Amino acid sequence: VQAAKDGKTVVIGLAADSGCGKSTFMRRMTSIFGGSAKPPAGGNPDSNTLISDMTTVICLDDYHCLDRKGRAEKGVTALAPEAQNFDLMYEQVKAMKEGKAADKPIYNHVTGALDAPEKIESPNILVIEGLHPFYDERVRDLLDFKVYLDISDEIKFAWKIQRDMAERGHSLDSIKKSIEARKPDFDAYIDPQKKHADMIIQVLPTQLVLPTQLVPDDEGKILRVRLIQKEGKKLFDPVYLFDEGSTISWIPCGRKLTCSFPGIKFYYGPDTWYGEDVSVLEMDGQFDKLEELIYVESHLSNTSAKFYGEITQQMLKNSSFPGSNNGTGLLQTIIGLKVREVYERITEKEVVPVS
Ligand code: ADP
Ligand code: G6P
């Protein structure tokens with residue numbers, strides 16, 4: 001399935017709590033490189049790995065050293081560092097970065113046990129996604145680009161309800177309890193990793209209207225989404241709106257963009273993130289007509305798009321994915337283009353854009 005790799009392996013880290021949109025984001029990112037991502041051919045049907053021509057995405061749950069039973073016996077959650085085998089994670093990510101294959105374990109999410117390992121060839125782009133990609137300093141130092149999805153508690157709750165109630169039949173009460181039970185370990189081990197990220201997507205409730213002005217159906221759906229971008233990095237340039245370094249607030253609704261209640265607002269400006277300089281691009285609200293995104297795209301610079309309208313084209317192509325009508329889809333697409341730019345700068349190879 002996978003084309004022979006030539007040259008360097010670029011390693012990307014994607015960190016977030018579970019249920020925070022990692023798989024959706026990965027689908028947007030791999031779609032920029034073309035080819036559909038599939039599990040390793042002929043392997044374990046419960047594999048968590050997704051392979052396409054250019055990219056291999058592995059899930060760090062595969063490096064649990066304590067399985068479900070082991071965690072229950074020791075009284076630790078899946079977020080605890082004691083439940084991860086960081087030594088093996090480091091060895092295998094390092095091996096793949098050096099062009100070698102790895103016999104990676106598989107954490108079976110159905111049984112909660114570890115299955116026999118699968119052989120993963122060294123890809124052009126290796127993405128490690130999960131709860132702890134930046135936790136261990138050795139693993140962190142192997143990463144060429146780090147992304148953190150920072151979902152506020154309100155929105156995380158709304159997404160969990162949507163998924164766990166509708167798709168998994170859990171009750172509202174049990175979802176609340178499971179979120180509360182995870183929270184102390186999330187705060188202790190997962191959230192602090194975000195200071196290391198090169199780019200962070202923050203997802204917050206809208207500020208366009210008061211919560212009481214929203215109809216119940218829109219609660220947790222109208223989002224204020226911020227892309228926090230570290231300044232001064234060699235491998236990528238932050239995207240900006242209108243004028244680099246300025247502070248800009250922009251309401252594009254009117255003749256060129258259709259906006260129904262409560263509208264759309266963009267913001268761009270400098271800020272700091274754990275003491276480091278960043279610039280922030282923010283979108284609050286949602287699009288009515290996705291094709292009109294081209295109007296917004298034409299006002300963004302340093303997007304790493306290879307032709308006029310590439311962001312809009314990607315968004316239209318993946319319009320069935322969650323978040324396509326708001327800032328989550330837009331800013332995830334922009335990060336996907338940044339991954340391509342990082343790859344090109346490291347390997348000095350050009351990736352041909354796909355439509
Ligand atoms: P993860 O891989 O981190 O567990 P997923 O990408 O599978 O997360 O997303 C989990 C659920 O959260 C989805 O099924 C969907 O209901 C919801 N979700 C994810 N991203 C978004 C988004 N941008 N907008 C709305 N809902 C989303
Ligand atoms: C995986 C996920 C965790 C989830 C866990 C379930 O490791 O990444 O987010 O909590 O499985 O573990 P449990 O101990 O509830 O079976």
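Preceding block: the structure.
Criteria and thresholds
Along each chain, the written sequence defines residue order, and numbers are assigned to residues from 1. Throughout, the order in which chains and ligands are written sets their labels, letters from A for the former and numbers from 1 for the latter. Where totals are concerned, whole chains, interfaces and linings use all residues; where local detail is concerned, this predicted model gives features only for residues with pLDDT of at least 70, and gives and counts side-chain atom pairs only at 80 or more. Excluded from the side-chain calculation are hydrogens and water; included are all heavy atoms of the structure. Here a residue counts as near a molecule or strand whenever at least one of its heavy atoms sits within 4 Å of it. By the criterion applied in these results, polar contacts are pairs of N or O atoms within 3.5 Å in which, for protein atoms, one can donate a hydrogen and the other can accept it, and in which residues neighboring in sequence qualify only through two side-chain atoms. Areas reported here follow the Shrake-Rupley algorithm with a probe of radius 1.4 Å; residue values treat only the protein chains shown as occluding. Here the nonpolar group is Ala, Val, Leu, Ile, Met, Phe, Trp, Tyr, Cys and Pro; Asp, Glu, Lys and Arg are the charged ones; every other residue, Gly included, is treated as polar. What counts as a ring pair is set by centres within 6.5 Å for rings of Phe, Tyr and Trp (its six-membered ring), and what kind of pair is set by the plane angle: stacked under 30 degrees, edge-to-face over 60, tilted for all other angles. In this description a helix means any DSSP run of H or I spanning at least four residues, a strand means any run of E spanning at least two, and both kinds are numbered starting from the N terminus. Only protein chains enter the accessibility calculation, which uses a 1.4 Å probe. A residue is then buried if its area is under 20% of the maximum for its type, exposed if over 50%, and partly exposed in between. Only when the NZ atom of a Lys or the CZ atom of an Arg is both within 6 Å of the ring centre and within 35 degrees of the ring normal do we say a charge sits over the ring. An automatic or database domain assignment provides the domain bounds reported here.

A. Looking closely at the site of ligand 2. Surveying the vicinity of ligand 2 reveals the residues S18, D61, H64, R68, R71, A78, H109, L131 and R182. The side chain of H64 places a nitrogen or oxygen atom 2.6 Å from an oxygen atom of ligand 2. Contact between ligand 2 and R71: an oxygen atom at 3.0 Å from a side-chain N or O atom of the residue. For ligand 2, the protein covers 70% of the area, taking 390 Å² as the surface of the free molecule. Among the residues making up the shell around ligand 2, the classes are represented as two nonpolar, three polar and four charged.

B. The packing of aromatic side chains, seen in detail. Applying the stated rule across the entire model yields eight aromatic pairs. Geometrically, the ring pair formed by Y135 and Y189 is edge-to-face, given 6.4 Å between the ring centres and 75° between the ring planes. Residue Y135 is found in the loop between β6 (125-130) and α4 (137-142), and its partner Y189 is found in helix α6 (residues 172-190); the two are separated by 54 residues along the sequence. Residue classification places Y135 among the partly exposed residues on the basis of a relative accessible area of 33%. Residue Y189 is classed as partly exposed on the basis of its relative accessible area of 23%. Through pairs of rings, three or more aromatic residues link up here, namely F242, W250, F266 and Y295. If you follow R27 out to its NZ or CZ, it ends over the ring of F321, 3.9 Å from the centre. A cation sits over an aromatic face here: K156 above F186, 3.6 Å from the ring centre.

C. Just the site of ligand 1, in detail. The environment of ligand 1 is formed by 14 residues, the closest being G19, K22, S23, T24 and T328. In the model, an oxygen atom of ligand 1 is placed 2.7 Å from a nitrogen or oxygen of the T24 side chain. Look at ligand 1: alone it shows 550 Å² of surface, and the protein chains cover 85% of it. Counting residues per element, the ones that place at least two in the shell around ligand 1 are α1 (22-32) and α5 (153-166). Of the residues that constitute the shell around ligand 1, the class distribution is three nonpolar, eight polar and three charged. Counting contributing residues per domain, the shell around ligand 1 is built from domain 1 (1-148) and domain 2 (198-348), each supplying no fewer than three.

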